[in-house]
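Structural characterization, general
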Amino acid sequence: MSTLTSLARAEAVERGIAQPVCTVRHVHIADRPLVFVPLAMAGEAGAPLAAMVGDDPRSPRLLAVAQPRNRDQRFAFAAGLAAVLLRYIEGFLTGQETVPGGRGREARTRFPDAPQILVPNRAATGFTRLLGRSTRFRRTEGEYAVLPAVPLLGRWLTFLAERAEYPGSSLLLAATDALSRHWATGQSPVEDLNLAALLGWIDPPEGLTGPQAAAAAEDPLTWPPAGPATDPTFDNEVLGRLIAACDRAEAGDDRARQRARSALEDALTSQLMPTWGLMWQAAGLLRGLPPGAHVATRWAADKDAFTWYAEQLRDGGPPQPRRDTAVSAARRLARLERVQAACGAQRAFDDPLVMAEHRLAGEAFAGRVVAAEPGRQDCSGTRRKLRPHITVETADPVLMEPGTVLTSPGRPRQQARIVSVSVTAGRPSRVLLELSGGMGRGLTAAPGSVPEPGEVTCYATFSDGFQPIPAFPDPADTPWTHGGPPPQYVPADEDAREEWS
Amino acid sequence: MTDTEARLSRIRGSVPARNHDARTIAALTSNPGCARRAIMDAAGIDKPRLASCAGFPAPFGQSQFAIARGNAFEAQVKANGCAELLRLLRDQLGLPMPEVSYDDLEEVGGNPSRELRHARTRGLLARAAASGVDAGTLFDHPLLRLEVGGRPVYLEPDLIAFRLHGRFHVVEMKSFAVIDGQADGDKVAAAATQSAVYVLALREMLADLGAGPDAVAHDVFLICPENFSNRPTATVLDVRKQLTVVRRQLSRLARIDSLMAQLPADLSFDLDLDPSGVPRRPPADVAAAVRSVQARYAPECLASCEMCFFCRDEARGSTSALGRAVRDDLGGVEYVATVLRLAREPGVPPAEQAEAAELLRAAARLRREALVEAI
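The numbers attached to residues start from 1 for each chain and follow its sequence in the written order. The lettering of chains begins at A and the numbering of ligands begins at 1, in the order of writing. In keeping with the predicted nature of the model, local features appear solely for residues at pLDDT of at least 70, side-chain atom pairs appear and are counted solely at 80 or more, and the whole-chain, interface and lining totals rest on all residues.

Another point: the overall build of chain A. Along its length, chain A carries 13 helices and 17 strands. Three exposure classes are used. Buried residues have 20 or more other C-beta atoms within 10 Å of their own C-beta, exposed residues have 12 or fewer, and partly exposed residues fall in between, all C-beta atoms being placed from the backbone. Burial analysis of chain A (501 residues in total) assigns 44% to the buried set. Contact between two residues is assigned when their C-beta atoms, built from the backbone, lie within 7 Å. Summarising the internal contacts of chain A: among those between residues at least 6 apart in sequence, 65% fall at separations of at least 24. Only DSSP runs of H or I covering at least 4 residues are called helices, and only runs of E covering at least 2 are called strands; the numbering of each starts at the N terminus.

Laid out in structure tokens, this is it:
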């Protein structure tokens, strides 16, 4: 949120339709994503009620649980979901591409593509995490055995849900998140959590304005909630009756059971179908935007993570722990912070509209180069160094102090140090910059490496450059202040037996 | 009846006063600056009904499954004289448990009248507080009373007041799950605020009987299902912060007179119910009455207040309808139209909007530049 995006909201109110807050797309949208719309049973923790899932908009697969409180039926649901999801994931476990080494790293290989799961909203991401948690510790033999696909599903779901925490990751994407990152509506961020209302603002149906479409989207009869929570009125007036009918039919013959079950499935389909359509509409809208320059870089990181986890599974690694240990929590936090900073910088470098937010906040400025000394050398040390000076005139407020090091999106490998800033009231500010790096090896700058007078440039206080990873102790060396070395994970009876009721 | 009470009762009209419960009292703390809400809550207005009559029915409902699950969980914890609860307090929280007795205060000899039940709760708790005996006692379904806007309100908590070592503890049961030691933050926060209401009501009752505030602990025992099972688990919640918030909001409601002084003298939310309970007052008239009390709408109201759709409709065109953060981003300017005018028109803005105008113009210029550049 910033003044710029808020201004876009104000414009959306005036025009009756959502306004762009990005000029390019910042998420990866796969050619063939898997859409997953889960519904949960009200009042229960992570109890699946139904889901619509599939990678083809024309053939959604409905999974339904006739009695959500029945443990066996829940595992049957998990097995049904595993059949679809694992087949989809396994489709990406073929082929390889080589990533060249560099900076002391060896060349390596990874899968050339990765799966992408689209869910309606963040609550669905949370449900995915819970479903992963409730299935990944199950055992496939002995007492309480479940189908082998169930714990495997749990591990993949957990991996995807954890990966979704990384800014810029697109393996598991929430549609409302992705859409509201690219468009500002004329309603509040709270109301943007309703997928149908959000899409109503962005892409209203023929003949309706954004606010009209959003208002229509709030009627749960035409636009049932996108889940995982169901509409309470549907629960009370339809679902309760149909589940009770399924229970009664258990005593009857196959035909009666079938009839009761298909009545329930029809009702659940009616709740899920509208959202299913919205999901593909959302994917299409996002796909229609031109991708930002760094989207491929971030998707490559997703492919790395996917390859890494597939190898973990192949090598028989244990399921993800219930809670992070001290060392892995610290490591994860550091990684998240680095990714957050890098992703923020990449988005700004890819997109002038995002950069404008930073310019308004005084973290960047843009303007025309009015003077340049491309051949200037610094002779103060023992060796002469090429240190060109340029002067940039900008209307943006320049709040940075002399000495600050800046980076330009056009020349990300070049550093610019502020020498001085001259501010005259009512006139654009003039910033004198000293450049270093990215100009070739000699004492003459390579052609095009120093901005020329007349060129419009932008300089920011941040960069997407490499940041060193802080050192963390080996888990075996966890200090006593942090609980000492964590115990090794040993699959326990308790994990496999855990109630799911 | 005091003047205030008479006035509030006139505002309420013939519709019966709506009972508060801990949930509605806790909700009072969510938008303390809203006069409309303060007046309605103090007068005990049936807000869902009023909202439907004004043409904006509230969007809330509760699933029968959630209710069934909550009831089943509570019954399980309380079964056999709270055997499960005692086991938890003993094993998980390490409380030393002597012989514990159990008193259910739900009915008084088959007489469910609230006054009687309250008197009995009071009597029993007074006796317990006065006895120096260090026996643990569980009091189920106590009926508490709290002053809300100068009016006594009965609270019927699904809770147990547990007396141990001369202090009362509130035991609150909630059916949201604690998974691997973590629970939904919003739900825990709501439970903490509700528990704070109970702690406050218990304290007031005991203060009447001459006990100090220490007689009721600010540590509340929260009982929730563990992981994906129905098995309960106990957690200790410190509700000191919530107590301060609730107390502050209640004292604000107690000064409702100053709010009422600004209202039209003939204000009434009476719905003119016919004998079968159907309102006869025209919707436009109801809406006009509601509008005469100022609201402070924020999108967060959509989660907690029954009047939210009415107020949202009224707030259309204002920046606060877009959220407080958006309003702040836009320099605190009240209307969307003003924002856009300040951002676009040259001219000299009024002094109080000069700063906002400068910000908005800079934003509009940057946005225009970036969008043109992208084409």
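Read on, since the account is not over.
Moving on, we come to the overall build of chain B. When helices and strands are counted, chain B shows 14 helices and eight strands. Counting only C-alpha atoms and orienting by the principal axes, one finds that chain B spans roughly 80 × 55 × 40 Å. Buried positions account for 41% of the 375 residues belonging to chain B. In chain B, once contacts between residues fewer than 6 apart in sequence are set aside, the share between residues at least 24 apart is 66%.

Relative to the helices and strands, B:Glu147 is located in strand S3 (residues 144-148). For the pair B:Glu147 and B:Ala42, spaced 105 residues apart in sequence, the C-alpha to C-alpha distance is 9.7 Å.

Right, let's get into the sheet that holds strand S3 (residues 48-54) of chain A. Where strands meet in a sheet, backbone hydrogen bonds hold them as pairs that are either parallel or antiparallel. Residue and element names in this part refer to chain A. At least two DSSP bridges between two strands are required for those strands to pair. In spatial order, the strands read S4-S3-S2-S7-S8; together these five strands make up an open sheet with mixed pairing. Each having just a single partner strand, strand S4 (61-64) and strand S8 (172-174) make up the two edges of the open sheet. Strand-to-strand twist across the sheet, computed as the mean angle between neighbouring axes with direction ignored, equals 20 degrees. For S3 and S4, the ladder comprises four bridges, and the chain directions are antiparallel. Across the sheet, Met52 pairs through a bridge with Leu62, a residue of S4. Contacts from helix H2 (residues 71-90) reach strand S2 (34-40), S3 and S4 within the one sheet, and its direction differs from that of S3 by about 15 degrees. Interaxial angles span 0 to 180 degrees and are taken between N-to-C directions of axes, which are lines fitted to C-alpha atoms, for helices over the stretch in contact.

Here we come to unusual backbone geometry. Cis geometry is found at the peptide bond from A:Gly227 to A:Pro228, where omega equals -5 degrees. Locating A:Pro228 in the fold gives a position in the loop between helix H7 (210-217) and helix H8 (232-249). The backbone phi angle of B:His141 is positive, close to 50 degrees, even though this residue is not glycine. Of note, B:His141 is situated in the loop between strand S2 (136-140) and S3. You will see that B:Asn227, though not glycine, has its phi angle at about 50 degrees, which is positive. By secondary structure assignment, the location of B:Asn227 is in the loop between strand S7 (219-225) and strand S8 (232-238).

How big an interface is tends to be stated in terms of accessible area lost as the parts join. Each side of the interface is counted separately: chain B has 43 residues, and chain A has 40 residues. Contributing elements (two or more residues each) for the side of chain B that touches chain A: helix H5 (64-91), helix H12 (324-329), helix H13 (336-344) and helix H14 (354-374) of chain B. Counting residues per element, the side of chain B that touches chain A draws most heavily on H14(B), which supplies 11 residues. Looking at the side of chain B that touches chain A residue by residue, the classes come out as 26 nonpolar, 10 polar and seven charged. Three categories are distinguished: nonpolar for Ala, Val, Leu, Ile, Met, Phe, Trp, Tyr, Cys and Pro, charged for Asp, Glu, Lys and Arg, and polar for the others, with Gly belonging to the last.

Right, let's talk about the domain arrangement of chain A for a bit. One can read the domain layout of chain A as domain 1 (3-320) and domain 2 (364-460). Throughout, the edges of the domains are those of an automatic or database domain assignment. Using C-alpha coordinates to define each centre, domain 1 of chain A is positioned 47 Å away from domain 2 of chain A.

For the rest of this paragraph, the subject is helix H9 (residues 254-287) of chain A. Compared with an ideal rise of 1.5 Å per residue, which puts 34 residues at 50 Å, H9(A) spans 46 Å between its outermost C-alpha atoms and is within 8% of the ideal. For a residue, the bend is simply the angle between two axes, fitted respectively to the seven-residue segment ending there and the seven-residue segment starting there. Maximal helix bending in H9(A) amounts to about 35 degrees, located at A:Leu272; proline A:Pro274 follows within four positions. To estimate the expected span of a helix, subtract one from its residue number and multiply by 1.5 Å.

Our focus in this paragraph is the nonpolar core. Residue and element names in this part refer to chain B. To define a nonpolar core, we join buried Ala, Val, Leu, Ile, Met, Phe, Trp, Tyr and Cys residues through C-beta atoms within 7 Å and take the resulting set. By size, the foremost hydrophobic cluster in this structure holds 230 residues, and its most contacted members are Val199, Leu202 and Ile223. Here this core takes 12 residues from helix H7 (residues 185-208), the largest share from any one element. In contact with Val199, other than residues within four places in its own chain, are Val170, Val216, His218, Val220, Val239 and Leu243.

Our focus in this paragraph is the domain arrangement of chain B. Once the domains are mapped, chain B shows domain 1 (64-250) and domain 2 (321-374). For domain 1 of chain B versus domain 2 of chain B, the separation of C-alpha centres amounts to 51 Å.

To continue, consider the confidence of the model for chain B. For chain B, mean pLDDT is 83; residues scoring 70 or higher make up 94% of the total. The least confident element of chain B is strand S5 (residues 159-164) of chain B, whose mean pLDDT is 73; the most confident is helix H11 (residues 308-314) of chain B, at 94. You can read pLDDT as the predictor saying how much it trusts each residue, on a scale of 0 to 100.

What follows deals with the packing of helix H6 (residues 195-202) of chain A against H7(A). All names here are of chain A. At a minimum axis distance of 7 Å, the contact between H6 and H7 shows a crossing angle of 165 degrees. When the axes of H6 and H7 are compared, the pair comes out roughly antiparallel. For the element pair H6 and H7, the recorded crossing hand is right-handed. Seen from H6, the contacting residues are Ala196, Ala197, Gly200 and Trp201; seen from H7, they are Gly210, Ala213, Ala214, Ala216 and Ala217. In terms of residue class, the contact of H6 with H7 is built from seven nonpolar, two polar and no charged. Each angle is binned into one of four classes, with values under 35 degrees roughly parallel, values over 145 roughly antiparallel, values of 65 to 115 roughly perpendicular, and all other values oblique. Helix crossings fall into two classes, left-handed where the near helix is turned counterclockwise from the far one by less than a right angle and right-handed where it is turned clockwise.

So, about the environment of A:Glu14. By the secondary structure assignment, A:Glu14 is in helix H1 (residues 3-15). In the structure, A:Glu14 is positioned 172 residues away from A:Gly186 in sequence and 8.0 Å away in space, judged by C-alpha atoms. Apart from the residues within four sequence positions on either side, A:Glu14 is in contact with B:Val336 and B:Leu340.

Residues and elements named next belong to chain B. Over its 28 residues, H5 runs only 33 Å from end to end, short of the ideal 40 Å by more than 12%, given 1.5 Å per residue. At Gly81, H5 shows its maximal bend, which comes to roughly 115 degrees. Within the span of H5, buried status applies to Phe65, Arg69, Phe73, Val77, Lys78, Cys82, Leu85, Leu88 and Leu89.

All names here are of chain A. Among the five residues of strand S17 (residues 456-460), four are classified as buried, and the element is accordingly described as predominantly covered. When strand S10 (residues 364-373) meets S17, the two strands line up antiparallel, connected through five bridges. What sits directly across from Ala364, in S17, is Ala460.

Okay, the packing of helix H5 (residues 175-182) of chain A against H6(A) next. All names here are of chain A. Interhelical geometry of H5 versus H6 gives an angle of 30 degrees and a closest axis separation of 10 Å. Relative to H6, the element H5 is oriented roughly parallel. Here the hand of the crossing between H5 and H6 comes out left-handed. Counted together, Ala175, Thr176, Leu179 and Ser180 of H5 and Leu195, Leu198 and Ile202 of H6 form the full contact between these two elements.

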